[in-house]
Amino acid sequence: MVDGLAATGMAECQNCGGHVTEVYVRVFTPDSVDEPQVCPNCEDMTRGRDGVREKRT
């Protein structure tokens, strides 16, 4: 991994390991973070107003 990017040149989700685009990282992560904590593929976690949390059932 180089500068927070996987060998594919795409960032990885810290929760599920899924690949996310640079645009997703730029929009949904703080400037100081290279890899998102959750992504749209995460079935068990979601972004909330107060950060990342488990999805409600």
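Structure shown above.
Residues numbered from 1 in each chain as written. Predicted model: local features only at pLDDT ≥ 70, side-chain atom pairs only at ≥ 80, totals over all residues. Heavy atoms only, no water.

Looking at the element boundaries, threonine 29 is found in the loop between helix 1 (22-28) and strand 3 (45-48). In this structure threonine 29 comes out as buried when scored by relative accessible area, which is 10%. Engagement of the side chain of threonine 29 in a polar contact is seen with the backbone oxygen of valine 25, the distance being 2.4 Å. Beyond its immediate sequence surroundings of up to four residues, threonine 29 is in contact with Tyr24, Glu35 and Pro36. (Helix = DSSP H or I, 4+ residues; strand = E, 2+ residues; numbered from the N terminus. Buried < 20%, exposed > 50% of the residue type's maximum accessible area, 1.4 Å probe, protein only. Polar contact = N/O pair within 3.5 Å; in protein donor to acceptor, adjacent residues only side chain to side chain. Contact = heavy atoms within 4.5 Å.)

Below, the discussion takes up the environment of arginine 47. Within the secondary structure layout, arginine 47 lies in strand 3. Separated by 19 residues in sequence, arginine 47 and phenylalanine 28 have C-alpha atoms that sit 9.1 Å apart. Not counting chain neighbours up to four residues away, the residues in contact with arginine 47 comprise Tyr24, Phe28, Val38 and Val52.

Time to look at the state of the cysteines. Enumeration over the complete set of coordinates arrives at 0 disulfides. Cysteine cysteine 39 is unpaired, with the sulfur of cysteine 16 as its nearest cysteine sulfur at 3.7 Å. A relative accessible area of 4% places cysteine 39 in the buried class. Left without a disulfide partner, cysteine 42 is nearest to the cysteine sulfur of cysteine 13, which lies 3.4 Å away. (Disulfide = S-S within 2.5 Å.)

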